[in-house]
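Structural description and commentary
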Amino acid sequence: MYAAVRRYEGVTDSAEAARLVNEGFVPLMRQVSGFVAYYWIDTGEGVMVSTSIFEDQAGAEESISRAANFVRDNLASLLPNPPEVMAGNVVASA
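Residues numbered from 1 in each chain as written. Predicted model: local features only at pLDDT ≥ 70, side-chain atom pairs only at ≥ 80, totals over all residues. Heavy atoms only, no water.

Before going further, it helps to examine the nonpolar core. Formed by 21 residues in total, the largest nonpolar core has its most connected members in Tyr8, Val21, Phe25, Tyr38, Trp40, Leu75 and Leu79. If you list the elements that add at least two residues to this core, you get strand S1 (2–9), helix H1 (14–30), strand S2 (35–44), strand S3 (47–54) and helix H2 (57–75). Not counting residues up to four positions away in its chain, the partners in contact with Tyr8 are Trp40, Gly46, Val47, Met48, Ser50, Ala67, Val71, Leu79, Asn81 and Pro83. (Core = buried A, V, L, I, M, F, W, Y, C linked by side-chain atoms within 4.5 Å. Buried < 20%, exposed > 50% of the residue type's maximum accessible area, 1.4 Å probe, protein only. Helix = DSSP H or I, 4+ residues; strand = E, 2+ residues; numbered from the N terminus. Contact = heavy atoms within 4.5 Å.)

Spelled out as structure tokens, the structure:
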């Protein structure tokens, strides 16, 4: 398995961001080949984190591309700062 994690700071409206991600972005993730799971996490104080899990690296890389496009087209005012993006092999899970 392979995971992509994106950390967004300076979120201006976490409830609206969550609604748009749930209604618009989650369906896009489900279409990516090798999709396993997706999580959008509100850590508070204007920080939100997404975690995408895929069967392989290609799916995770596709999710990173789709996320950048979705944020640019739908969430730019809510997520004004570029995310910190990390990706790698899942080496332990439960």
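Moving on from the coordinates now.
Moving on, we get to the packing of aromatic side chains. Given two aromatic rings, their pairing is described by the distance between the two centres and the angle made by the two planes. Scanning the model with the defined rule gives four aromatic pairs in all. Considering the side-chain rings of Phe35 and Phe54, the 5.9 Å spacing of their centres and the 70 degrees angle between planes classify their relative orientation as edge-to-face. With Phe35 in strand S2 and Phe54 in strand S3, this residue pair connects regions lying 19 residues apart in the sequence. Owing to a relative accessible area of 0%, Phe54 belongs among the buried residues under this scheme. Clustering of aromatic rings is evident, with ring pairs tying together Phe25, Tyr38 and Phe70. (Phe/Tyr/Trp six-rings, centres within 6.5 Å; stacked < 30°, edge-to-face > 60°.)

Counted by the stated rule, this structure contains five salt bridges. A salt bridge links Arg19 to Glu16; the nearest nitrogen and oxygen atoms lie 2.6 Å apart. Linking Arg19 with Glu16, this pair stays in helix H1, spanning three residues, or about one helical turn. The partly exposed category is assigned to Arg19, whose relative accessible area is 37%. When its relative accessible area of 25% is taken as the criterion, Glu16 is described as partly exposed. Here Glu62 ties to Arg66 by a salt bridge, and the two come within 2.8 Å at their closest N and O atoms. With Glu62 and Arg66 both in helix H2 and four residues apart, the pair spans about one turn of that helix. The class of Glu62 is partly exposed, set by a relative accessible area of 33%. Look at the salt bridges and you will find they share partners, linking Glu16, Arg19 and Glu23 into a network. (Salt bridge = Lys/Arg side-chain N within 4 Å of Asp/Glu carboxyl O.)

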